[in-house]
Amino acid sequence: MFEAGRFAMVRGRVLEPLMTLAVWGSALLVAGAFLWLVGDLLWHGAERLSWAFLSSSPLNAGRTGGIGPILVSTLLILGVAVAAAVPLGLATAVLLTEFLRPRSRFGRLVGLSLDVLAGVPSIVFGLFGNAFFSVFLGLGFSILSGGLTLACMVLPILIRTAEASLRAVPDDWRLGSAALGLSRTAALRHILLPAASSGLVAGLLLGVGRAMAETAALIFTSGYVDRMPSSLFDSGRALSVHIYDLSMNVAGGDGNAYASALVLIGLLILINGTALYLAEHWLNRRIIAP
Amino acid sequence: MPRLSLNRYLSALSVMLLVATTASIPQAAERKLVLTGSSTLAPLVAEIGKRFEQENPGVRVDVQSGGSSRGIADARSGLADIGLVSRALKPDEQDLKSFTIALDGITLIVHKDNPVQTLTDPQIVDIYTGKITRWRAVGGADRPITVVNKAEGRSTLELFLHHFQLKSGDITAHVVIGENQQGIKTVAGNTSAIGYVSIGTAEYEVSQGVPIKLLPMAGVDASVENVRNGRFPLARPLNLVTKAESEGLVRQFIDFSRSERVHDLVEAQYFVPLAH
């Protein structure tokens, strides 16, 4: 008895701090990796950042000049992707959660194909997008081709997260709204979607994040042209393609590659922040005071 | 989705469609050249394209990257007006016409701290086929050799194999890379590595203090000058290729790309302009 008690005491004295150390250590390691990355980018790229860099055109294959047209193309591609993927993804998720019985055969088939799609490497989406949107539909190398390819790529993430967050809404709410005589559409619009909003936004952010970081799916669809796009049918180079080209293909392009990467990360943080703010202040309020 | 955001979404979509349709109308009147292919050539040709656009208002030059094999395929299928191919055409590609716009030399590079000053051709072959695996066998330190090779389908790989009479399957590589810069960065970060890259970019990186060393080939120093005068044994032409006899705008662009008016652009991308 005495031995066992002492062992427990020693274990408490040694193991507890060790666990604390491990937990804190892991968290610090993750944060440290991110800070190191951002620090490295700031160190190499911050001095080049300026309004002129953000607004002017690239010169000498991107070694000098800015990223104005590339920034515009990136945002347009992202806009097309979100505009196409969000309604499709939301509708599919609503079908899966609200209209199909759980474990229905069709539902499981859709779920399976989504999981397979989510695991497909992005270069495959790039080649598919090139064959389907650029060649078969005749959209050529264009922002539209690139955006639609990205939409296909982020759909699985979007649907899966939207589905999960809709399923997390308690069934009592559905029953309650039915008891109050709300139609299914009204219940969806006023109760279920607002209640699931933070999950929906999180899914959207995951999708946008993946889309912004995409290179392989875009080089064959939206292309390489670094001119300011004048329509969605123009080819436009995305930021990630620009960074890849500058660091891997253009001797002396590293400086501007760092600065462009900094802009990309800044843009991601900005989009994340905006989306989270919207989710908190705009969608949630609708439940409390519809 | 709440009503407000649905409306916003629809209006944003309609604005985008409106912009897309209205903005695309005037372009029908523009003349457009599409060029696709070699990622090595793409930055140079994009710069040539910009100057060509300035001198010929109403013309648009769209350059797409993707590799020499793609340049061949797109020129054949008509998807591109001109293909970009960073090597000479092969015997089974003689249905295409090629126009050289610049030269590019390829040489072997090692880390600056590697004491090896030169390698003979048989030594290079033995290193790349795995018969020599330690630097000591060729006069270096007692360290294993890290062989850096190019990925399948890269023109530099094909040129290298052809020059040393090797087959792709003979090579035992430890690192397989894609673009030029990746090769330079790999060797700069590994004192035991050996790789082969474009001479122009390697010379530039050395001048920037990147710790790499260019090895001479068959006794000829690896320099842009020796590529220009034809003495360096391992060089490749950078080509524009077309399917048929070129005419009109395509012809005009090819002539422009081969003229002295783009020499500064060729040199700015660390390639070797044609002698005129």
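Source: prediction; values computed, not measured.

S.K.: Account for the overall build of chain A, with residues named and values stated.
M.R.: Within chain A, the secondary structure is distributed over 13 helices and two strands. Relative to the globule expectation of 19 Å for 290 residues, the C-alpha radius of gyration of chain A, 24 Å, shows a markedly less compact shape. C-alpha extents for chain A along the principal axes are approximately 75 × 60 × 40 Å. Expressed as a percentage of the 290 residues in chain A, the buried residues total 45%. Within chain A, counting contacts between residues at least 6 apart in sequence, those at least 24 apart form 75% of the total. On chain A, roughly 14,900 Å² of surface is accessible, and the fraction owed to carbon and sulfur atoms is 72%. Each charge class in chain A was averaged separately, 19 positive and 15 negative side chains, and the resulting centres sit 9 Å apart.

S.K.: Let's hear about the interface of chain A and chain B: which residues, and what values?
M.R.: Each partner contributes residues to the interface: chain A has 42 residues there, and chain B has 40 residues. Carbon and sulfur atoms make up 57% of the area that chain A and chain B hide from each other, which totals about 3,400 Å². Broken down residue by residue, the surface that chain A buries against chain B is led by Y224, R227 and M248 of chain A, which jointly contribute 17%. One salt bridge connects K50 of chain B with D226 of chain A, and the closest N-O pair in it is separated by 3.2 Å. Taken together, the connections running from chain A to chain B amount to 16 residue pairs in polar contact (both at pLDDT 80 or more).

S.K.: Before we move on, could you go through the packing of aromatic side chains and cite the residues and values that matter?
M.R.: Applying the stated rule across the entire model yields eleven aromatic pairs over all chains. Ring geometry for F160 of chain B and Y196 of chain B: centres 4.0 Å apart, planes at 0°, overall stacked. One end of the pair, F160 of chain B, is in helix α5 (residues 155-163); the other, Y196 of chain B, is in strand β7 (residues 193-198), and 36 residues separate them in sequence. Of the two residues, F160 of chain B and Y196 of chain B, neither departs from the other in class, the shared state being buried. The aromatic ring of F99 of chain A is capped on one face by R184 of chain A, whose charged end is 4.5 Å from the ring centroid.

S.K.: Tell me about the domain arrangement of chain A, and please be specific about residues and values.
M.R.: When the parts of a complex come together, some accessible area is lost, and that lost area is often used as the size of the interface. Residues and elements named next belong to chain A. Parsing chain A into structural domains produces domain 1 (2-48) and domain 2 (53-288). In this structure, domain 1 and domain 2 have C-alpha centres spaced 34 Å apart. Across the interface of domain 1 and domain 2, roughly 790 Å² is buried in total on both sides, 76% from carbon and sulfur atoms. The interface formed by domain 1 and domain 2 holds zero salt bridges in total. Put simply, domain 1 and domain 2 have one residue pair in polar contact (both at pLDDT 80 or more) between them.

S.K.: Explain the environment of L84 of chain B to me, using residue names and the numbers behind them.
M.R.: Residue and element names in this part refer to chain B. Along the polypeptide, L84 turns up in strand β3 (residues 82-85). We classify L84 as buried; its relative accessible area is 0%. Considering only alpha carbons, one finds L84 and N226, 142 residues apart in sequence, at a separation of 24 Å.

S.K.: Residues and numbers for helix α9 (residues 248-258) of chain B, please.
M.R.: Residue and element names in this part refer to chain B. By the burial criterion, the buried members of α9 are L249, V250, F253, I254, F256 and S257. Along the axis of α9, the buried residues cluster in a sector spanning 160°; they form a single face. Residues of α9 that are buried in the fold lie against β1 (31-37), α2 (42-55), β2 (59-65), β3, β4 (97-111) and β9 (235-242).

S.K.: Break down helix α7 (residues 199-207) of chain B for me, citing the residues and quoting the values.
M.R.: Residues and elements named next belong to chain B. Among the residues making up α7, those that are buried are I199, G200, T201, A202, Y204 and E205. The inward-facing, buried residues of α7 contact β4, α6 (180-188), β7, β8 (212-214) and α8 (224-228). A positive backbone phi angle near 90° is found at G209, which sits one or two residues after α7.

S.K.: Describe the environment of A46 of chain B, listing the residues and the values that go with them.
M.R.: Residues and elements named next belong to chain B. Its place among the elements puts A46 in helix α2. Its relative accessible area of 16% is what places A46 among the buried residues. On a C-alpha basis, the gap between A46 and S65 in space is 9.8 Å, while along the polypeptide they are 19 residues apart.

S.K.: Run through the confidence of the model for chain A, naming residues and quoting values.
M.R.: A low pLDDT means the predicted coordinates there should not be read in detail. Of all residues in chain A, 95% attain a pLDDT of 70 or more, and the chain-wide mean is 88. Here helix α13 (residues 285-288) of chain A is the element of chain A with the lowest mean pLDDT, 56, and helix α3 (residues 68-99) of chain A is the one with the highest, 94.

S.K.: Got a sec to walk through a nonpolar patch on the surface? Specific residues and values, please.
M.R.: Residue and element names in this part refer to chain A. The grouping of V10, V14, L15, L18, M19 and V23 at the surface amounts to a nonpolar patch, some 540 Å² of accessible area in total. By the secondary structure assignment, V23 is in helix α1 (residues 2-45). Of the residues examined, V23 reaches a relative accessible area of 54% and is grouped as exposed.

S.K.: Before we move on, can you summarise the confidence of the model for chain B with the specific residues and values?
M.R.: Residues and elements named next belong to chain B. Chain-level statistics for chain B give a pLDDT mean of 86 and a share of 89% at 70 or above. Across chain B, the secondary-structure element scoring lowest on mean pLDDT is helix α1 (residues 3-24), at 53, and the one scoring highest is β3, at 95. Considering only residues more than four positions removed or in separate chains, one finds that residues 21-29, a stretch of pLDDT under 50, has nine contacts. For this predicted complex, the interface score ipTM comes out at 0.79, alongside a pTM of 0.83.

S.K.: Go over the pattern of salt bridges, please, and point to the residues and values.
M.R.: Inspection of every chain in the model, using the stated rule, returns 29 salt bridges over all chains. The shortest N-O distance in the salt bridge between D171 of chain A and R174 of chain A comes to 2.9 Å. You can see D171 of chain A and its partner R174 of chain A sitting in helix α7 (residues 171-179), three residues apart, about one turn around the helix. Look at R174 of chain A and you get buried, because its relative accessible area is 18%. Two residues, E53 of chain B and R227 of chain A, come together in a salt bridge whose shortest N-O distance is 2.5 Å. Taken together, the positions of E53 of chain B in helix α2 and R227 of chain A in the loop between α10 (216-219) and α11 (239-248) put the pair across two chains. Of the residues examined, E53 of chain B reaches a relative accessible area of 18% and is grouped as buried. Owing to a relative accessible area of 23%, R227 of chain A belongs among the partly exposed residues under this scheme. Salt bridges here are not isolated pairs; linked through shared partners, they connect R227 and D234 of chain A together with K32, E53, R60 and D62 of chain B.

Calculation criteria
Residues numbered from 1 in each chain as written. Chains lettered and ligands numbered in written order. Predicted model: local features only at pLDDT ≥ 70, side-chain atom pairs only at ≥ 80, totals over all residues. Heavy atoms only, no water. Helix = DSSP H or I, 4+ residues; strand = E, 2+ residues; numbered from the N terminus. Rg over C-alpha atoms; globule rule 2.2 N^0.38 Å. Buried < 20%, exposed > 50% of the residue type's maximum accessible area, 1.4 Å probe, protein only. Contact = heavy atoms within 4.5 Å. Areas by Shrake-Rupley, 256 points an atom, 1.4 Å probe, with all protein chains shown as cover. Lys, Arg positive; Asp, Glu negative; His and termini not counted. Charge placed at Lys NZ, Arg CZ, Asp CG, Glu CD. Buried area = accessible area lost by both parts, 1.4 Å probe. Salt bridge = Lys/Arg side-chain N within 4 Å of Asp/Glu carboxyl O. Polar contact = N/O pair within 3.5 Å; in protein donor to acceptor, adjacent residues only side chain to side chain. Phe/Tyr/Trp six-rings, centres within 6.5 Å; stacked < 30°, edge-to-face > 60°. Lys NZ or Arg CZ within 6 Å of the ring centre and 35° of its normal. Domains from an automatic or database assignment. Arc of directions from axis to C-beta. pLDDT = per-residue confidence, 0-100. Patch = residues over 30% accessible without salt bridge, like charges linked within 9 Å, V, L, I, M, F, W, Y side chains within 5 Å.

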